[in-house]
Amino acid sequence: MYPVWLRVWLWSNAVLVVLLAYTGGRVQFGQRRGPLMSFETAFNVHNLAGTLLVIVGVVYLVGNLVGGNQKQYLSKPRDGLRGIVKQARWYLLGIFKGEPHPYHVGPEHKFNPLQHVTYIGVMYVLYPLLLLSGVALLFPDVLPQGVLGHPGAWWVAAIHWALAAAAILFLVGHLYLGSMGDNVRDLYAAMIDGYHRHRKPKQE
């Protein structure tokens, strides 16, 4: 259910986001010298990883268009708002009570309703703005000299930092929710071999 290009994109994206998180934090809060890399090295690695993430993002958008995967985002979530609330309740309560998944994925619906709206926001709003703000910081001379008492680059950097924090929180949450398949390994295995595993409940 998950083609090779999509799996390669996912793991490439994950590695780059982790690398960007570390090097970005190193640049923002570290000293000139550090245990793993200097400020200068972290700065250069961050810019390189950011450039690669832009390329990976373009590949993702093109792959969605060519492969038809964009319909997973552009279609309506199953059961609308009711489905979103139902799925959120399962994550918060149902899973701990042993209740079955309210929505199982398939070729026509790879996301549950809550994933559907979340991924639209992340992949088509959060990530593009994060990448655009990062690219803008590579060319500070073209940014406004001052906005409300601060340089234009200061505002773009603040927005970039806030978006990066949101992306890191999404990644952490994504890794946690990835353990909520019928078996703790199932969803991770699907992102390696492409096959979704749905285990039928045992007959008593």
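Here's a quick rundown of the structure. Within each chain, residues carry numbers counting from 1 in the order of the written sequence. Totals for whole chains, interfaces and linings use every residue, but because this is a predicted model, local features are given only for residues with pLDDT of at least 70 and side-chain atom pairs only at 80 or more, for both listing and counting. Water and hydrogen atoms were dropped before computing side-chain values, which therefore reflect all heavy atoms in the structure.

1. As for the overall build of the chain
Thought 1: Runs of E in the DSSP output that reach at least two residues are strands. Runs of H or I that reach at least four are helices, and both are numbered from the N terminus. Helix and strand counts for the chain come out as seven helices and zero strands.
Thought 2: Listed by position from the N terminus, the elements making up the chain come as α-α-α-α-α-α-α.
Thought 3: With respect to the principal axes defined by its C-alpha atoms, the chain has extents near 65 × 35 × 35 Å.
Thought 4: The contact criterion used is simple: two residues touch if any of their non-hydrogen atoms lie within 4.5 Å. A fraction of 60% describes how many contacts in the chain between residues 6 or more apart in sequence connect residues 24 or more apart.
Thought 5: In this description, accessible areas are obtained by the Shrake-Rupley approach with a 1.4 Å probe, and a residue is regarded as covered only by the protein chains that are shown. About 12900 Å² of surface is accessible on the chain, with carbon and sulfur atoms providing 70% of the total.
Thought 6: The convention is simple: Lys and Arg are positive, Asp and Glu are negative, and His and the chain ends are not counted. The atoms used to mark charge sites are NZ of Lys, CZ of Arg, CG of Asp and CD of Glu. Seen as two clouds, the 17 positive and the 9 negative side-chain charges of the chain have centres 1 Å apart.

2. Quick look at the side chain of glutamine 87
Thought 1: Looking at the secondary structure, you find glutamine 87 in helix H4 (residues 80–92).
Thought 2: A residue is classified by how much of its surface remains accessible, and glutamine 87, at 2% relative accessible area, is buried.
Thought 3: Ignoring any residue separated from it by four or fewer positions in sequence, one finds glutamine 87 in contact with Pro102, Tyr103, Asn112, Pro113 and Leu114. Whether a residue is buried, partly exposed or exposed follows from its accessible area with a 1.4 Å probe, protein chains only, as a fraction of its type maximum: under 20%, in between, or over 50%, in that order.

3. Brief notes about the pattern of salt bridges
Thought 1: For this document, the term salt bridge refers to a Lys or Arg side-chain nitrogen within 4 Å of an Asp or Glu carboxyl oxygen. For the structure on display, the rule yields two salt bridges.
Thought 2: Taking the shortest distance from any N to any O, the salt bridge between arginine 82 and aspartate 79 comes out at 3.7 Å.
Thought 3: Under the relative-accessibility criterion, aspartate 79 is labelled partly exposed at 44%.

4. Looking at a nonpolar patch on the surface
Thought 1: Distance thresholds for patches are 9 Å for like charges and 5 Å for nonpolar side chains (Val, Leu, Ile, Met, Phe, Trp, Tyr), applied to residues having over 30% relative accessible area and no salt bridge. A cluster of nonpolar side chains, contributed by Leu61, Ile120, Tyr124, Val125, Leu129 and Leu132, occupies part of the molecular surface with about 520 Å² of accessible area.
Thought 2: Mapped onto the fold, leucine 132 is located in helix H5 (residues 113–137).
Thought 3: For leucine 132, a relative accessible area of 58% puts it in the exposed group.

5. Brief notes about helix H7 (residues 186–193)
Thought 1: All of the buried residues in H7 are Asp186, Ala190 and Met191. The arc that holds every buried residue of H7, seen down its axis, measures 145°, which confines them to one face.
Thought 2: Residues of H7 that are buried make contact with helix H1 (4–29).
Thought 3: A positive phi of about 90° marks glycine 194, the residue just after H7. In this description, the arc belongs to the directions extending from the helix axis to the C-beta atoms.

6. Structural notes on the packing of H5 against helix H6 (residues 152–177)
Thought 1: Here, axes are lines fitted to C-alpha atoms. For helices the fit covers the stretch in contact, and angles between N-to-C directions go from 0 to 180 degrees. At a minimum axis separation of 9 Å, H5 and H6 run at an interaxial angle of 145°. The two elements H5 and H6 meet at a crossing, and its hand is left-handed. Listed contacts from H6 to Thr118, Tyr119, Val122, Leu126, Tyr127, Leu129, Leu130, Ser133, Gly134, Ala136 and Leu137 of H5 are Ala153, Val156, Ala157, His160, Leu163, Ala164, Ala166, Ala167, Phe170 and His174.
Thought 2: When grouped by side-chain class, the residues that make up the contact of H5 with H6 number 16 nonpolar, five polar and no charged. Should the near helix be turned anticlockwise from the far one by less than a right angle, the crossing is left-handed, and should it be turned clockwise, the crossing is right-handed. Gly counts as polar in this scheme, as do all residues outside two lists: the nonpolar Ala, Val, Leu, Ile, Met, Phe, Trp, Tyr, Cys and Pro, and the charged Asp, Glu, Lys and Arg.

7. Remarks on the environment of histidine 150
Thought 1: Along the chain, histidine 150 falls in the loop between H5 and H6.
Thought 2: A residue is classified by how much of its surface remains accessible, and histidine 150, at 32% relative accessible area, is partly exposed.
Thought 3: The residues contacting histidine 150, other than those within four sequence positions of it, are Gln145 and Trp155.

8. Things to note about unusual backbone geometry
Thought 1: Residue aspartate 79 is not a glycine yet carries a positive backbone phi of 65°.
Thought 2: Position of aspartate 79 among the secondary structure elements: in the loop between helix H3 (71–74) and H4.

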